[in-house]
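Here's the letter readout for the chains.
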Amino acid sequence: MRLVILDDYNLASEWAAKYIRNRIIQFKPSPERYFTLGLPTGSTPYGCYQKLIEYYRNGDISFKYVKTFNMDEYVGLPRDHPESYHSYMWNNFFKHIDINPANAHILDGNAEDLEAECQAYEQKITEAGGIELFVGGIGPDGHIAFNEPGSSLVSRTRVKTLAKDTILANARFFGNDLSKVPTMALTVGVGTVMDAKEVMILITGAHKAFALYKAIEEGVNHMWTVSAFQQHPRTIFVCDEDATLELRVKTVKYFKGLMHVHNKLVDPVLSMKDQ
Amino acid sequence: MPTNKSVSDAPITQFINCRILKDHKLQREDLWVREGRILDPEKLFFDEQGYADKRVDCEGSIIAPGFIDVQINGGYGIDFSQASDDISSGVSFVARKILEHGVTSFCPTLVTSPPAVYHKVLPQVKVQNGGHHGAGVLGFHLEGPFISAKKKGAHLEQYLRTFQSGGIEDLMEAYGSLDNVAMVTLAPELASSQLVVRELCQRGITVSLGHSVGNLSQAEEAVQSGASFITHLFNAMLPFHHRDPGIVGLLTSDQVPAGRTVYYGMIADGIHTNPAALRIAHRAHPSGLVLVTDAITAMGLPPGRHTLGQQVIEIQGLHAYVAGTKTLSGSIATMDMCVRHFKQASDLVLLSDALNVKATYISGEEVWRKEP
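Residues numbered from 1 in each chain as written. Chains lettered and ligands numbered in written order. Predicted model: local features only at pLDDT ≥ 70, side-chain atom pairs only at ≥ 80, totals over all residues. Heavy atoms only, no water.

Naming follows an unreviewed UniProt entry, where chain B appears as N-acetylglucosamine-6-phosphate deacetylase of Monopterus albus. Regarding chain B, the UniProt comment filed under Sequence similarities (unreviewed entry) reads as follows: "Belongs to the metallo-dependent hydrolases superfamily. NagA family." (UniProt positions renumbered as here; feature names shortened; annotations may be inferred.)

Where an unreviewed UniProt entry is consulted, chain A appears under the name Glucosamine-6-phosphate isomerase, with the organism given as Monopterus albus. Quoted verbatim from the Subunit (unreviewed entry) heading of the UniProt record, the comment on chain A is "Homohexamer." Looking at chain A in UniProt, the text filed under Subcellular location (unreviewed entry) is "Cytoplasm".

Here you go:
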């Protein structure tokens with residue numbers, strides 16, 4: 001894995017955004033060959049989305065030939081509810097960029113047949129040629145998407161009941177009223193994300209430090225599902241200082257020492273204007 | 001083009017680089033319009049998978065809903081209360097000119113007049129949508145003749161009337177027809193007026209209280225019968241008194257039926273009402289406030305003498321008086337002037353911007369633009 005450590009949240013968001021930007025531009029997407037991007041929601045990727053919007057506004061990137069697949073969506077929450085992941089993606093990303101709405105895929109938590117919806121989603125990913133870069137986050141309980149502790153590490157897109165930790169963590173978005181937080185969600189499986197050519201996990205904040213420790217310094221364990229990516233050939237963890245607080249000093253020093261190598265991935269930062 | 005056509009084929013316009021008034025705040029958001037209706041862009045994105053055909057760059061301007069003027073007696077030399085053979089071209093002329101003030105719909109207002117005038121004028125103008133030709137006509141506002149002699153203002157006493165049979169017959173006799181009438185101003189203390197209020201409301205006509213010496217209970221009764229508006233608050237009514245607030249008391253009355261709001265027109269030209277009074281009304285009942293111009297023939301014209309209904313009016317600067325007196329007679333303020341004055345007079349959550357009208361749109365189409 002690459003463990004990219006930046007001083008703070010803003011720098012981490014910027015590094016991640018630059019990486020995504022460079023990957024898209026290097027790929028040279030076209031009508032015949034779309035760049036497929038997996039996307040997360042939540043407070044962690046917010047800064048990254050802001051930077052991507054800035055790059056789009058400056059004319060440096062375009063999402064015209066990008067297809068996106070979000071990781072998850074709540075079950076039973078109306079699509080236009082302010083806390084639905086559809087609302088999050090619309091307000092924080094899609095409405096500010098030039099993506100074709102037909103190429104922005106999000107699981108439908110209000111589908112008649114949830115299982116069929118999940119299967120159809122897997123199908124759509126396959127038809128799109130698989131995911132080129134899957135961006136994700138990590139929960140305080142070490143989950144990726146809504147693959148809660150105990151999820152199979154080879155799971156596929158399915159319905160999951162949320163763990164107590166997750167419901168507590170999400171309560172702040174529902175006025176701190178636990179009864180209002182959805183209890184189920186549709187989520188891509190660990191296996192689904194493992195199928196991507198490359199995975200980038202964003203982890204910021206001290207409250208995620210223990211989960212990061214479990215994910216990369218302990219073994220592969222279905223109780224900390226992000227640990228599955230130790231077995232993926234191309235994973236990048238992008239964090240801030242605070243997220244590394246539970247890691248061994250040796251680990252942090254080693255990867256900080258590699259920053260000059262990591263930074264070659266984002267410097268020079270490419271632009272569509274040069275093509 | 002850019003939708004899956006599940007809802008409509010019509011082109012979609014996106015207004016960018018603008019600030020819109022949403023949730024009582026000015027927010028930096030794009031405005032999406034299709035076929036004259038504002039779209040929810042999120043629904044458009046996810047349901048129809050659509051995006052804009054055309055983008056209009058607003059260059060940072062504020063987009064506000066088009067202004068609606070429910071009390072305007074004429075302008076630019078046109079007097080709606082003057083019975084002529086070609087009222088509709090006069091109305092159309094004013095309709096076109098007021099686009100410059102950001103007004104997109106209005107109620108041509110007739111002051112107290114003899115039946116002959118109503119019978120002649122009313123049939124000539126129809127309710128119609130606005131467009132490139134001018135602001136939309138919502139219907140007439142008939143201010144009088146069923147008003148109080150003691151608060152006639154600039155209306156002529158000899159044409160005032162009372163309810164004889166207390167029903168629709170009086171209205172029909174005076175007005176001739178109620179088609180194309182959107183609003184009627186009357187005094188609630190007139191005998192048998194409650195029945196009339198109910199009749200008018202049943203026909204979908206807004207009843208407004210004004211030019212009256214009614215007390216609060218009479219006003220409340222009228223509201224309970226269906227009245228929902230007050231004509232130029234403070235003017236042509238009893239002043240607020242702490243033991244009988246009169247019509248002004250409706251702003252905080254607890255007798256207003258649940259779920260209903262009493263709206264009140266205010267002429268915010270800086271002349272008809274002291275800004276302090278404006279603020280008191282606004283703070284007491286912010287959601288009921290409606291800015292009106294009560295503009296007269298002379299609006300848009302230079303100083304001098306002009307006619308209003310059956311009378312002669314004199315313009316002195318920004319004031320319009322009944323010729324030879326100090327009785328105010330309508331105003332010559334334009335709607336955008338009223339909006340600016342109101343913003344100055346009160347502390348609204350509008351950004352500090354000059355609020356000068358740059359362009360007017362009806363149904364998403366530009367119908368007027370200020371010359372650079």
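Enquirer: Sorry if this is basic, but what is going on with the pattern of salt bridges here?
Expert: Think of it this way: side chains of opposite charge can pair up when their charged atoms draw near. Across all of its chains, the model carries 24 salt bridges over all chains by this definition. Arg156(A) serves as the salt-bridge partner of Glu122(A), at 2.9 Å between the closest nitrogen and oxygen. With Glu122(A) in helix α4 (residues 114-127) and Arg156(A) in the loop between β6 (133-136) and β7 (158-161), this residue pair connects regions lying 34 residues apart in the sequence. Take Arg156(A): its relative accessible area is 35%, and that puts it in the partly exposed class. Here Glu314(B) and Arg305(B) are joined by a salt bridge, their closest N and O atoms 3.5 Å apart. Taking the relative accessible area as the measure of exposure, Arg305(B) reaches 56% and is therefore exposed. Residues joined in a network through salt bridges with shared partners are Arg23(A), Glu132(A), Lys197(A), Glu198(A) and Arg234(A). (Salt bridge = Lys/Arg side-chain N within 4 Å of Asp/Glu carboxyl O. Helix = DSSP H or I, 4+ residues; strand = E, 2+ residues; numbered from the N terminus. Buried < 20%, exposed > 50% of the residue type's maximum accessible area, 1.4 Å probe, protein only.)

Enquirer: Looking at this model, I keep getting lost on helix α1 (residues 9-27) of chain A. Mind explaining?
Expert: The α-helix advances 3.6 residues per turn, and as a result positions three or four apart in sequence lie on the same side. Residues and elements named next belong to chain A. Taking 1.5 Å as the rise per residue, α1 with 19 residues should run 27 Å; its terminal C-alpha atoms sit 27 Å apart, in good agreement. You can read the cap of α1 off the contacts: a side-chain oxygen lies 3.1 Å from the backbone nitrogen of Asn10, and it is on Asp8. Directly beyond the C-terminal end of α1, a positive phi value near 55° is found at Lys28. (Expected span 1.5 Å × (residues − 1). Polar contact = N/O pair within 3.5 Å; in protein donor to acceptor, adjacent residues only side chain to side chain.)

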